[in-house]
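Fold and contact review
Each chain, letter by letter, is given below.
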Amino acid sequence: MADRQKTPGDLFAEILEDNEPMALAWVTGGAQAPLLSGLVKFYETPYGGTLIEAELFGLPDRLSPGSSDFYGMHIHENGDCGNNFQNTGAHFNPSGAPHPQHAGDLLPLFANQGYAWISFYDKRFTIPQILGKTVVIHQMPDDLHSQPAGNSGDKIGCGVIQLVNRRDKKNLG
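Each value, and the rule that gives it
Residues numbered from 1 in each chain as written. Predicted model: local features only at pLDDT ≥ 70, side-chain atom pairs only at ≥ 80, totals over all residues. Heavy atoms only, no water. Helix = DSSP H or I, 4+ residues; strand = E, 2+ residues; numbered from the N terminus. Buried < 20%, exposed > 50% of the residue type's maximum accessible area, 1.4 Å probe, protein only. Lys, Arg positive; Asp, Glu negative; His and termini not counted. Salt bridge = Lys/Arg side-chain N within 4 Å of Asp/Glu carboxyl O. Contact = heavy atoms within 4.5 Å. 1 Å grid on protein atoms, 1.4 Å probe; cavity = no way out; pocket = protein on both sides within 12 Å on 5 of 7 lines; lining within 4 Å. Points joined across faces, edges and corners; volume = space filled by probe spheres on them. Pairing = 2+ DSSP bridges. Disulfide = S-S within 2.5 Å. Core = buried A, V, L, I, M, F, W, Y, C linked by side-chain atoms within 4.5 Å. Patch = residues over 30% accessible without salt bridge, like charges linked within 9 Å, V, L, I, M, F, W, Y side chains within 5 Å. Areas by Shrake-Rupley, 256 points an atom, 1.4 Å probe, with all protein chains shown as cover.

Tracing the sequence through the fold places K133 in the loop between α2 (127-130) and β7 (134-138). It is E77 that comes nearest to the buried, bridge-free K133 among opposite-charge side chains, at 7.5 Å. With residues near it in sequence (within four places) discarded, K133 still touches I75, H76, E77, N78, G79, F92, G159, V160 and I161.

Pasting the structure below:
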């Protein structure tokens, strides 16, 4: 095989393999999805923007009333998952863009038997901009056109985005 230059995808795979996110959000479910849990990780890249990896368990499967195996995932403006996730506020949208161009509009999740894994690159925000905000999982996928937020249904999971303390991580290893 001839030598080839690395693509961004090659570099992203290496970043994920190193498993050293700069920030993460532990997501837990609420009353509608009490078994929901998982981790959303945020990695810096040399291209600016952010590499996002999400792994979630316990999503209601399509046999549950009101579920489809597709779920919305957004970054919301407030870092408070209280009041059954109603304290999260609106989608993170520092530029005032219309939906679905909010910085907090992320790709939808596709679940199989309650499990979802996704990794993607997003250049609409940096990690420092989202620290202290929330990742919210919605009952339905974003429809990508309804204003102001995509009609993705109830908030069924939430986690606050926190900086990973790498110094403490090294001390534990």
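That covers the picture; the talk isn't over yet.
Time to look at the pattern of salt bridges. Applying the stated criterion to the full structure yields two salt bridges. The closest approach of N and O atoms between K6 and E14, which form a salt bridge, is 2.5 Å. For R124, the salt bridge is made with D122, and the minimal N-O distance between the two is 2.7 Å. Overall, R124 belongs to the partly exposed group, its relative accessible area being 36%. What makes D122 buried here is its relative accessible area of 7%.

What the largest pocket holds in volume is close to 180 Å³. Lining the largest pocket are 14 residues, and of these H76, A90, H91, P148 and A149 sit closest to its centre.

With six bridges connecting them, strand β1 (residues 23-29) and strand β2 (residues 37-44) associate as antiparallel partners. Paired with W26 across the two strands is L39, which belongs to β2. Examined bridge by bridge, β1 and strand β9 (residues 162-163) share two bridges and lie antiparallel to one another. What sits directly across from L24, in β9, is Q162. Bridge analysis of β1 against strand β8 (residues 155-160) gives two bridges, and the strand direction is antiparallel.

With that settled, the discussion passes to the state of the cysteines. For the structure on display, the rule yields one disulfide. A sulfur-sulfur distance of 2.0 Å marks the disulfide that ties C81 to C158. Looking along the S-S bond of the C81-C158 disulfide, the torsion reads about -75°, which is the left-handed sense. Of the two residues, C81 sits in the loop between β4 (70-76) and β5 (109-110) while C158 sits in strand β8, which places them 77 residues apart along the sequence.

If you look at the biggest cluster of nonpolar residues, it comprises 30 residues, and the most contacted ones within it are F42, L59, M73, F125, V135 and I137. Taken together, the elements giving at least two residues each to this core come down to β1, β2, β3 (50-57), β4, β6 (116-122), α2 and β7.

Attention shifts here to a nonpolar patch on the surface. A surface patch of nonpolar side chains, amounting to about 310 Å² of accessible area, comprises F57, Y115 and W117. By the secondary structure assignment, F57 is in strand β3. On the accessibility criterion, F57 (40% relative accessible area) is partly exposed.

Before going further, it helps to examine unusual backbone geometry. A cis amide bond links H99 with the next residue in sequence, P100, at an omega value of 10°. Checked against the element boundaries, P100 lands in the loop between β4 and β5. Positive phi is not limited to glycine here, since N83 has a value of about 55°. Of note, N83 is situated in the loop between β4 and β5. One non-glycine residue, F85, lies in the positive phi region at around 75°. For F85, the position within the fold is in the loop between β4 and β5.

Everything listed here is a matter of geometry and, on its own, says nothing about what the molecule does.
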